[in-house]
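Descriptive structure summary
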Amino acid sequence: QVQLVESGGGLVQPGGSLRLSCAASGFPFSRSVMSWYRQGPGKERELVATITSIGLLTNYADSVKGRFTISRDNAKNTVYLQMNILKPEDTAVYYCNAQRKVTTGTTDQYWGQGTQVTVSS
């Protein structure tokens, strides 16, 4: 069974930091592109950060560039999101996403249940 389990969310003050973790199992993690998405209250889900299977290439939403860092440890089947200088607008449920190309033109995609991040003074 495929599982993506997020952890590390919580309540922090503006300017604070959190480190989210996503533990993966049940699929070839090391051959999957991993991403973090988030969905704030009354907002659509948006892509926050992506990291390739090797872990060398990353990209970020403009709103988090310079503050967030995505990383992965393939030996531990875990992807992380280090969030620094948090702002109230970062408040959202953060979701872990895995995407893997099975064959040409066919991909598998998996989602975690999400972890709440609340930034408030």
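Note: the structure precedes this text.
The paragraphs below set out a description of the structure included in this document. (Residues numbered from 1 in each chain as written. Predicted model: local features only at pLDDT ≥ 70, side-chain atom pairs only at ≥ 80, totals over all residues. Heavy atoms only, no water.)

1. Considering the overall build of the protein
Within the protein, the secondary structure is distributed over 0 helices and 11 strands. What you see in the protein, going N to C, is helices and strands ordered as β-β-β-β-β-β-β-β-β-β-β. Its C-alpha atoms give the protein a radius of gyration of 14 Å, within 12% of the compact-globule value 14 Å for 121 residues. A burial count over the protein gives 39% of its 121 residues as buried. Summarising the internal contacts of the protein: among those between residues at least 6 apart in sequence, 53% fall at separations of at least 24. For the protein, the accessible surface area stands at approximately 6500 Å², while carbon and sulfur atoms represent 48% of it. Between the averaged position of the 12 positive side-chain charges in the protein and that of its 8 negative side-chain charges there is a distance of 6 Å. (Helix = DSSP H or I, 4+ residues; strand = E, 2+ residues; numbered from the N terminus. Rg over C-alpha atoms; globule rule 2.2 N^0.38 Å. Buried < 20%, exposed > 50% of the residue type's maximum accessible area, 1.4 Å probe, protein only. Contact = heavy atoms within 4.5 Å. Areas by Shrake-Rupley, 256 points an atom, 1.4 Å probe, with all protein chains shown as cover. Lys, Arg positive; Asp, Glu negative; His and termini not counted. Charge placed at Lys NZ, Arg CZ, Asp CG, Glu CD.)

2. Some details on the pairing of strand β10 (residues 106-111)
Of the strand pairs in this sheet, strand β9 (residues 92-103) and β10 are connected by 6 bridges, and their pairing is antiparallel. Among the inter-strand pairings, Thr103 is bridged to a residue of β10, identified as Thr106. Turn length for the β9-β10 hairpin, with the two strands adjacent in sequence and antiparallel, is 2 residues, and the turn residue Gly105 shows positive phi of about 85 degrees. (Pairing = 2+ DSSP bridges.)

3. Details of the packing of aromatic side chains
We describe a pair of aromatic rings using the distance from one ring centre to the other and the angle between the two ring planes. Using the criterion set out here, one finds 3 aromatic pairs in the structure. One aromatic cluster is present, formed by Phe27, Phe29 and Tyr110 through successive ring pairs. (Phe/Tyr/Trp six-rings, centres within 6.5 Å; stacked < 30°, edge-to-face > 60°.)

4. A few points about the pattern of salt bridges
Applying the stated criterion across every chain, the model contains 5 salt bridges. Put simply, Arg38 and Asp90 hold a salt bridge, and the shortest N to O gap is 2.9 Å. Taken as a pair, Arg38 in strand β4 (residues 33-39) and Asp90 in the loop between β8 (78-83) and β9 lie far apart in primary sequence, 52 residues in all. By relative accessible area, Asp90 is classed as buried at 0%. Here Asp62 makes a salt bridge to Lys65, at a shortest N to O gap of 3.1 Å. Overall, Lys65 belongs to the partly exposed group, its relative accessible area being 49%. What you see here is one network of salt bridges that share partners, running through Arg38, Glu46, Arg67 and Asp90. (Salt bridge = Lys/Arg side-chain N within 4 Å of Asp/Glu carboxyl O.)

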